[in-house]
Amino acid sequence: MEAGKRKQKIKWSKLYSFSCFHPKTGDDDSVRQPGFCRVVHCNEPQLHKIKPYKYPNNYVSTTKYNFITFLPKALFEQFRRVANLYFLLAAAFSLTSLAPFNPASLIAPLVFVLGISMLKEAMEDWRRFLQDIKVNSRKVKIHVGNGLFMDKSWKEVSVGDIVKVNKNEYFPSDLLLLCSSYADGVCYVETMNLDGETNLKLKTSLEVTFGLDEDEEFTKFKAKIRCEDPNSNLYTFVGNLEFEEGGQKYPLSPTQILLRDSKLRNTDFVYGVVIYSGEDTKAVRNSTKSSPSKRSQIETRLDYVIYILFFMLILISLISSIGSTLFLNSESENWWYLVLREENVDPSFNPSNLEWSFCLQFVRALILYGYLIPISLYVSIEVVKVLQAMVINKDLKMFDEKTNKGVEARTSNLNEQLGQVEMILSDKTGTLTCNQMEFRKCSIEGISYGGEINEVDLAASRRMNIEVERYRFSMDGTGTGTDLDDSTETSLVEMFEFSVAEKANILEKNKSVSESNIKGFNFRDDRLLDKMWIYRSNVYDLVMFFRVMSLCHTGIIPLEEEENNNKKLNRYEAESPEEVAFLIAAQEFGFQFCKRTQSVMVLKEIDPTTGSEVMREYELLNLLEFNSSRKRMSVIVRNADGDIFLLCKGADNVIFDRLGDKGRIYQQATMMHLSNYAEDGLRTMVFAYRKIEALEYESWNIMFTKAKATIGPEREELLEETSELIEKDLFLLGAVAVEDKLQKGVPECIDKLAQAGIKIWLLTGDKKETAVNVG
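The rules behind these values
Residues numbered from 1 in each chain as written. Predicted model: local features only at pLDDT ≥ 70, side-chain atom pairs only at ≥ 80, totals over all residues. Heavy atoms only, no water. Helix = DSSP H or I, 4+ residues; strand = E, 2+ residues; numbered from the N terminus. Contact = heavy atoms within 4.5 Å. Areas by Shrake-Rupley, 256 points an atom, 1.4 Å probe, with all protein chains shown as cover. 1 Å grid on protein atoms, 1.4 Å probe; cavity = no way out; pocket = protein on both sides within 12 Å on 5 of 7 lines; lining within 4 Å. Points joined across faces, edges and corners; volume = space filled by probe spheres on them. Nonpolar A, V, L, I, M, F, W, Y, C, P; charged D, E, K, R; others polar. Patch = residues over 30% accessible without salt bridge, like charges linked within 9 Å, V, L, I, M, F, W, Y side chains within 5 Å. Salt bridge = Lys/Arg side-chain N within 4 Å of Asp/Glu carboxyl O. Lys, Arg positive; Asp, Glu negative; His and termini not counted. Charge placed at Lys NZ, Arg CZ, Asp CG, Glu CD. Buried < 20%, exposed > 50% of the residue type's maximum accessible area, 1.4 Å probe, protein only. Phe/Tyr/Trp six-rings, centres within 6.5 Å; stacked < 30°, edge-to-face > 60°. Lys NZ or Arg CZ within 6 Å of the ring centre and 35° of its normal. Core = buried A, V, L, I, M, F, W, Y, C linked by side-chain atoms within 4.5 Å. Pairing = 2+ DSSP bridges. Axes fitted to C-alpha atoms, helices over the stretch in contact; angles between N-to-C directions. Parallel < 35°, antiparallel > 145°, perpendicular 65-115°, else oblique. Left-handed = near helix turned anticlockwise from the far one by under 90°. Disulfide = S-S within 2.5 Å. pLDDT = per-residue confidence, 0-100.

1. What about the overall build of the protein?
Looking only at helices and strands, the protein features 21 helices and 24 strands. If you take every contact in the protein between residues at least 6 apart in sequence, the share linking residues at least 24 apart comes to 70%. Put simply, the protein shows about 40,600 Å² of open surface, and 56% of that area lies on carbon and sulfur atoms.

Structure representation (structure tokens):
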């Protein structure tokens, strides 16, 4: 138990710095617990040049060596190889009188081999050095005073600087977002360099900094940030922003943080203040201090081969020295004609001191038979590796025409392991799939809508020789629901009992139809399209389903699209392509998302009583974000009548656990439809809602605001507990299913890898049935 506690303390000390032990200043610092002691003076970088607020500069190096450390480090790397150690020892002995040949014959090859290997290391590190120069010399606009922004290199950025980053530029350090080109202070960020995700992340600034949207506004801007110390966690941030005038504190969260090496997308510009720079940034803390020393399996096995050869060398030397000693002992008295004066006797052939003669003969044999160990073995492999790296860099089949870039082998140490891969661990979304979602099916009020045959259906029928799912309604929408008489059901079953060839024809026909549809929407069911849903029973639940689809998201409309609200179709941007697919689907069903700010969302809805379109505003009260532990997302909105609703979407097991007793009316039918959708290889999500009384919301919002303003390691836990208090007694509306198609050539690639004997493990967050059928 004590050992476990000790490990936790050690881990904590690695994660956080000990800046809390710095001398206290006269400021009234409210943040004084370990790990949460950083103070940043906005727009006053000169204050961070002296202690206790002195922070590292923004220069970042990824090189393994420098001019001082190159020789010792490179020599250490070379003498990690067993053969080089042996030849160093042999070269040392060759300088003595025991050497049977000229010392240059041993020293020269050793120096040549070491020189070639060290030259190769130096060239690779020089390329890393040039890449560092390129990155550190990137330009960014920095506020220099009086509302004037000047272009400076990244390495000149300091903590507290106000920087302006334009569209498609990378962030030079970790920034606090102050405002953007959007009126509500939102921006989109691509974090592919950090976590490999191609989805854009939505970032929002605090409402109090919206007005800082021009250069001149920063002339007198002053504020103070108190936040957590530098750490490597990309997805957490705790802190407060405090203005000097008034001293009011505003809680900060990860949604306001722009990380180094992420890219600004779909936003003209943003302003931000530097919180972490250089080695303190989260991106650098997640990387190694310098390029690590890597040794391939072949090189490691070569060491064992050298060990065997060395033991053989010792054995041969022992046999030679023992034989020489025995011969010297038995025959030396017959060598009367070789007897010399005692002072001229060779110690290696001294009959009066056989033990010393044995030792000297053994050492001489080690040197003489040393060529049993090939000194050129490692350097030959090094030359081959360099040539392989050159071939890899020039490989046209690995050239990407879209980005006009080819593959770049930054180190050649592990080339040979490319042909030794036995297992591949891969995620699915964005790697095997296109990460472009299409809305395919939905279940509302226990009734399933949509239902074309897709590739997964066809592949399953070929593999298992079974019928495609027997749909409960016709493709033309002639079905009337889930309850059919025997004759109708029999005719529908017969309609879909096709041969594999006929199924393939249907699939091709569906493809041709979907290609003419809107991108992201591949749904065919006349019962919901063209306003036909307003004639169905229990329209209220249908309306709430579409409102969850059109309000519970993080999407926005690009600035150029937002200027024309009368457009029939809008183009959306969101963190997840699933949300884009939901917004497009809601638009097709008559609930067009038109505008959002940090406090208001606007929809163009179809009024089911009149069938006409009306504009409605919803006040956005709270956003409970999605994460991997919650597996759900919720928004709390207030409509024009003052009614407050919690709209929630998430994984089926999470939502079902939070349903109220009166909210499980459609649960059984929805569960059956979810199973069918998963078997079709579709990604599923469940929708639910709850109406909240005003008094209950006010008391809950006080606790939620207090939890958001908390600074410390308990903040996330408090937010989770507070969210649990409001996300309960939900009413189930239904489920949706979207398709993420495989990228071109993925099945053929997996087939060839399997034929090569390579095992493939796929990591996915989908339901088990979805993963099995996609596989």
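2. What to know about empty space enclosed by the protein
Throughout the structure, instances matching the rule amount to 5 cavities of 30 Å³ or more. Of the volumes computed, that of the second largest cavity is approximately 70 Å³. If you trace the second largest cavity, you find it lined by Tyr-86, Leu-89, Ala-90, Phe-93, Phe-310, Val-363, Leu-366 and Ile-367. Listed by contribution, the elements that provide at least two residues to the lining of the second largest cavity are α3 (82-94) and α8 (354-368). Here the residues of the lining of the second largest cavity are counted per class, giving 8 nonpolar, no polar and no charged.

3. A few points about a negative patch on the surface
A cluster of like negative charges, contributed by Asp-213, Glu-214, Glu-216 and Glu-217, occupies part of the molecular surface. As for its position among the elements, Asp-213 is in the loop between β7 (200-204) and β8 (223-227). By relative accessible area, Asp-213 is classed as partly exposed at 35%.

4. Details of the pattern of salt bridges
Using the criterion set out here, one finds 26 salt bridges in the structure. The residue Asp-680 makes a salt bridge to Lys-441 at a minimum N-O spacing of 2.6 Å. With Asp-680 in the loop between α17 (667-679) and β22 (683-692) and Lys-441 in strand β15 (residues 433-444), this residue pair connects regions lying 239 residues apart in the sequence. In terms of burial, Asp-680 and Lys-441 fall into one category: buried. Taken together, the shared-partner salt bridges connect Arg-630, Arg-632, Arg-658, Glu-720, Glu-724 and Glu-727 into one network.

5. Here's the deal with the packing of aromatic side chains
A complete count under the given rule lists 31 aromatic pairs for this structure. With a centroid separation of 6.2 Å and 65 degrees between ring planes, the pair formed by Tyr-304 and Tyr-307 is classed as edge-to-face. With Tyr-304 and Tyr-307 both in helix α7 (residues 297-331) and 3 residues apart, the pair spans about one turn of that helix. Consider the rings of Phe-545 and Phe-546, whose centres lie 5.9 Å apart with planes at 80 degrees: the pair is edge-to-face. Across the pair, Phe-546 and Phe-545 agree in class, each one buried. Ring pairs connect the aromatic residues Phe-439, Phe-521, Phe-523, Trp-533, Phe-545, Phe-546, Phe-582, Phe-589, Phe-591 and Phe-687, which therefore count as one cluster. The ring of Phe-269 carries Lys-164 above its face, with NZ or CZ at 4.9 Å from the centroid.

6. Considering the nonpolar core
Core analysis: the largest hydrophobic core is formed by 51 residues, its most contacted members being Phe-439, Trp-533, Met-549, Phe-589 and Leu-647. Tallying contributions element by element places helix α13 (residues 539-551) first for this core, with 9 residues. Other than its neighbours up to four places away in sequence, Phe-439 contacts Gly-520, Phe-521, Asn-522, Phe-523, Met-549, Ala-581, Phe-582, Ala-585, Phe-589, Val-736, Ala-737 and Val-738. One finds Ile-142, Cys-179, Cys-227 and Phe-269 within the second-largest nonpolar core, a separate group that totals 46 residues.

7. Overview of the sheet that holds strand β10 (residues 249-252)
The 4 strands lie next to each other as β1-β8-β9-β10, forming an open sheet whose pairing is antiparallel. A single partner strand is all that each edge strand has here, and the edge strands are β1 (38-42) and β10. For this sheet the average axis-to-axis angle between neighbouring strands, irrespective of direction, equals 20 degrees. Sheet analysis places strand β9 (residues 239-243) next to β10, joined by 4 bridges and oriented antiparallel.

8. Things to note about the sheet that holds strand β6 (residues 186-190)
The strand order β7-β6-β12 describes an open sheet built from 3 strands, whose pairing is antiparallel. This sheet does not close on itself; its edge strands, each paired only once, are β7 and β12 (263-265). Taking the axes of each pair of neighbouring strands and ignoring which way they run, one obtains an average angle of 45 degrees across the sheet. Of the strand pairs in this sheet, β6 and β12 are connected by 3 bridges, and their pairing is antiparallel. The residue of β12 that forms the bridge with Val-189 is Leu-264.

9. Overview of the environment of Glu-575
As for its position among the elements, Glu-575 is in the loop between α14 (559-562) and α15 (577-589). Residues Glu-575 and Tyr-188, 387 residues apart in the sequence, show an inter-C-alpha distance of 8.0 Å.

10. Section: the environment of Cys-359
For Cys-359, the location among the structural elements is in helix α8. Measuring from C-alpha to C-alpha, the distance between Cys-359 and Ile-322 comes to 9.6 Å, with 37 residues separating the pair along the chain.

11. Some points on the pairing of strand β13 (residues 269-276)
The buried fraction of β13 amounts to 8 of the 8 residues, a majority that puts the element mostly inside the structure. Pairing between strand β4 (residues 162-166) and β13: 5 bridges, direction antiparallel. Bridge pairing links Val-163 to Gly-272 in β13. For strand β5 (residues 174-180) and β13, the ladder comprises 6 bridges, and the chain directions are antiparallel. If you follow Leu-177 over to β13, its bridge partner there is Gly-272.

12. Here's the deal with the packing of α13 against α15
Two numbers describe a pair of packed helices, the interaxial angle and the distance between the axes. Put simply, α13 and α15 touch, their axes get as near as 8 Å, and they point 140 degrees apart. If you check the angle between α13 and α15, you find them oblique. The hand of the α13/α15 crossing is left-handed. Contacts between α13 and α15 involve Phe-546, Met-549 and Ser-550 on the former and, on the latter, Phe-582, Leu-583, Ala-585, Ala-586 and Phe-589.

13. Focus on the state of the cysteines
Disulfide: a covalent bond formed between the sulfur atoms of two cysteine residues. A complete count under the given rule lists 0 disulfides for this structure. Residue Cys-648 stays outside any disulfide, its sulfur separated by 6.4 Å from that of Cys-552, the closest cysteine. A relative accessible area of 0% means that Cys-648 is categorised as buried.

14. Quick look at the pairing of strand β23 (residues 731-742)
Among the 12 residues of β23, 10 are classified as buried, and the element is accordingly described as predominantly covered. The pairing of β15 with β23 spans 8 bridges and is classified as antiparallel. Bridge pairing in β23 links Phe-439 to Val-738.

15. Here's the deal with unusual backbone geometry
Look at Lys-531: it is not a glycine, yet its phi comes out positive at around 65 degrees. In this fold, Lys-531 is placed in the loop between α12 (500-516) and α13. The backbone of Asp-729 sits at a positive phi, close to 50 degrees, despite the residue not being glycine. With respect to the element layout, Asp-729 can be found in the loop between α19 (715-726) and β23. Taking the relative accessible area as the measure of exposure, Asp-729 reaches 49% and is therefore partly exposed.

16. What about the confidence of the model for the protein?
Per-residue pLDDT for the protein averages 78, and the proportion of residues at 70 or more is 79%. Per-element confidence in the protein is highest for strand β21 (residues 644-650), whose mean pLDDT is 94, and lowest for helix α11 (residues 486-495), whose mean pLDDT is 38. Here residues 1-32 is modelled with pLDDT under 50, and outside its nearest four sequence neighbours on either side it reaches 37 contacts, counting other chains as well. Segment residues 509-516 is flagged for pLDDT under 50; beyond a separation of four residues in sequence, or across chains, it makes 7 contacts in the model.

17. Some thoughts on a nonpolar patch on the surface
A cluster of nonpolar side chains, contributed by Ile-308, Met-312, Ile-316, Leu-368, Tyr-369 and Leu-372, occupies part of the molecular surface with about 500 Å² of accessible area. A per-element tally of the nonpolar patch places α7 first, with 3 residues. With respect to the element layout, Met-312 can be found in helix α7.

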